[in-house]
Amino acid sequence: MSIIKIDKVDKSFDDKVVFKDFSLTIESGKNTCILGKSGQGKTTLINMIAGIEKVDGGSIDVGNLRFSFVFQDPNLLPWLTVMENIEYVLKGDVDKSSVIKVLEKLSIAEDIDSYPAELSGGMKQRVALARALLYSSDVILMDEPFQNLDIKTREQSIELYEELMREMAVNFVFVSHNIDDAVRMADEVVVLRGQGNRGVIKINKSSYGIGFKEKLFEVLQTEEITY
């Protein structure tokens, strides 16, 4: 099994130290949720894993793993159709029948020729997910993909992700503020805490079973995280 190995990483923005001597190992074959209070560095961490953000010191070894990304905002180009948005990210190297198959799985195949302005927020997120699924990757990185969705669309989206994890063997590393998302979707949870995140803790669902959520509450309450 491939791993993401973060070793003694430092990262600061001006005078704000976000990570100091930070080490963590994430198994690519598991679904991992990154939790932490606002400003703790969750998005910075996932961006460093993706290579979007550079480390100041230390190293992040992802081996030969390939990543795709689902952002908080779907980031669809408004002048392109759903199909064209997907082709743009895949640099035109795409089989339309494969696209349609994924869009059918996401219940948006009939919107393949629609423009973003014609789609709801949930549908736009599904297009973003379709891009990530069609891109040749081993792990999908997600930065709070449900944050801007209404309650009904959020629930539908989470159910869809759960189905994909079961049926397509898709693995995610995702950022969330929501403890219920972590309990439902993650095999393990990384809680960022402490100055420079040197107090990071990793909680494995298999180690706690039905007590997994209770353990998360215990850790989060000590960190005064709002959830």
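See the structure printed just above.
Here goes a summary of the coordinates provided.

## Describing helix α4 (residues 121–134)
With 14 residues, α4 should cover 20 Å at 1.5 Å per step; its first-to-last C-alpha distance of 20 Å lies within 8% of that length. Among the 14 residues that make up α4, 10 are buried, leaving the element largely enclosed by the rest of the structure. Looking at α4, one finds that the buried residues are G122, Q125, R126, V127, A128, L129, A130, R131, A132 and L133. Among the structural elements, β5 (67–70), α2 (82–89), α3 (96–105), β6 (139–143), α5 (151–167) and β7 (172–175) are those in contact with the buried residues of α4.

## A short note on the side chain of R126
By the secondary structure assignment, R126 is in helix α4. One buried charged residue, R126, remains without a salt bridge, the closest side chain of opposite sign being E159 at 7.5 Å. A polar side-chain atom of R126 sits 2.7 Å from the main-chain carbonyl oxygen of L106. Setting aside residues up to four positions removed in sequence, R126 forms contacts with L106, S107, I108, Q156 and L160.

## Remarks on the pattern of salt bridges
Applying the stated criterion to the full structure yields eight salt bridges. The salt bridge partner of K11 is D56, with a shortest N-O separation of 3.8 Å. Here K11 is found in strand β1 (residues 3–13), whereas its partner D56 is found in the loop between α1 (42–50) and β4 (57–61), with 45 residues between them in sequence. On the accessibility criterion, D56 (51% relative accessible area) is exposed. For D138, the salt bridge identified is with R66, shortest N-O distance 3.4 Å. Taken together, the positions of D138 in the loop between α4 and β6 and R66 in the loop between β4 and β5 put the pair 72 residues apart, joining distant regions of the chain. Since its relative accessible area comes to 33%, D138 is described here as partly exposed. Connected through shared salt-bridge partners, K11, E53 and D56 make up one network.

## Some thoughts on the nonpolar core
The biggest cluster of nonpolar side chains holds 44 residues, and the ones touching the most others in it are F172 and V189. Among the elements that line this core, the one with the most residues is α4, at six residues. With sequence-adjacent residues up to four places away left out, F172 is seen in contact with K30, N31, T32, L129, V139, I140, M142, Y161 and M165. Among the nonpolar cores identified, the runner-up in size contains 23 residues, and L24, I46, M48 and V173 belong to it.

## Thoughts on the sheet that holds β4
Hydrogen bonds between backbone groups are what pair the strands of a sheet, and the pairing can be parallel or antiparallel. Judged by pairing direction, the sheet is antiparallel, and its three strands sit side by side in the order β2-β1-β4 without closing on themselves. The sheet is open, and its two edges are formed by β2 (16–27) and β4, each paired on a single side. For this sheet the average axis-to-axis angle between neighbouring strands, irrespective of direction, equals 20 degrees. Sheet topology note: the β1/β4 ladder contains four bridges and is antiparallel. Each residue of the ladder has a partner; that of D10, found in β4, is G57.

## Here we look at the sheet that holds β5
Strand order in this open sheet of six strands is β5-β6-β7-β3-β8-β9, and the pairing throughout is mixed. Lying at the two open borders of the sheet, with one neighbouring strand each, are β5 and β9 (201–204). Taken over all neighbouring pairs, the strand axes of this sheet differ in orientation by 20 degrees on average, direction set aside. Relative to β6, β5 runs parallel, the two being bridged by four bridges. Bridge assignment links F69 to a residue of β6, and that residue is L141.

## Here's the deal with the packing of α2 against α4
Relative to each other, α2 and α4 sit at 35 degrees, their axes nearing to 10 Å. By crossing handedness, the relation of α2 to α4 is classed as right-handed. Taking contact as the criterion, the partners of V82, N85, I86 and V89 in α2 are, on α4, V127, A130, R131 and L134.

## Quick notes on the environment of I201
Mapped onto the secondary structure, I201 falls in strand β9. Looking at I201, the relative accessible area reads 23%, which means it is partly exposed. Remark: the alpha-carbon pair of I201 and V191, spanning 10 residues in sequence, is separated by 5.3 Å. In this structure I201 touches V189, V190, V191, R193 and V219, once residues within four positions along its chain are discounted.

Thresholds applied
Residues take numbers from 1 onward in each chain, read along the sequence in its written order. It should be noted that, the model being predicted, local features are given only for residues of pLDDT at least 70 and side-chain atom pairs only at 80 or more, the latter also being counted only at that level, while totals for whole chains, interfaces and linings use all residues. Derived side-chain values reflect all non-hydrogen atoms in the structure, with water molecules and hydrogen atoms excluded from consideration. Strands here are runs of E lasting at least two residues and helices are runs of H or I lasting at least four, both read from the DSSP assignment and numbered beginning at the N terminus. Given the number of residues in a helix, its expected span is that number minus one, multiplied by 1.5 Å. Note on classification: 1.4 Å probe, protein chains only; a residue is buried when its accessible area is under 20% of the maximum for its type, exposed when over 50%, partly exposed between these limits. In this analysis, two residues are considered to be in contact whenever any of their non-hydrogen atoms come within 4.5 Å of each other. Charge assignment: positive for Lys and Arg, negative for Asp and Glu; neither His nor the chain ends contribute. A side-chain nitrogen of Lys or Arg and a carboxyl oxygen of Asp or Glu constitute a salt bridge if their distance falls within 4 Å. In protein, a polar contact means a hydrogen-donor-capable atom and an acceptor-capable atom, both N or O and within 3.5 Å, with residues adjacent in sequence counting only if both atoms are side-chain atoms; elsewhere, any N or O pair within 3.5 Å suffices. Definition used in this section: a nonpolar core is a set of buried Ala, Val, Leu, Ile, Met, Phe, Trp, Tyr and Cys residues joined via side-chain atoms within 4.5 Å. Pairing between two strands is assigned when DSSP locates at least 2 bridges connecting them. Between N-to-C directions, angles cover 0 to 180 degrees, with each direction set by a line fitted to C-alpha atoms, over the stretch in contact for helices. In this scheme, a crossing is called left-handed if the near helix is turned counterclockwise away from the far one by less than a right angle; it is called right-handed if the turn is clockwise.

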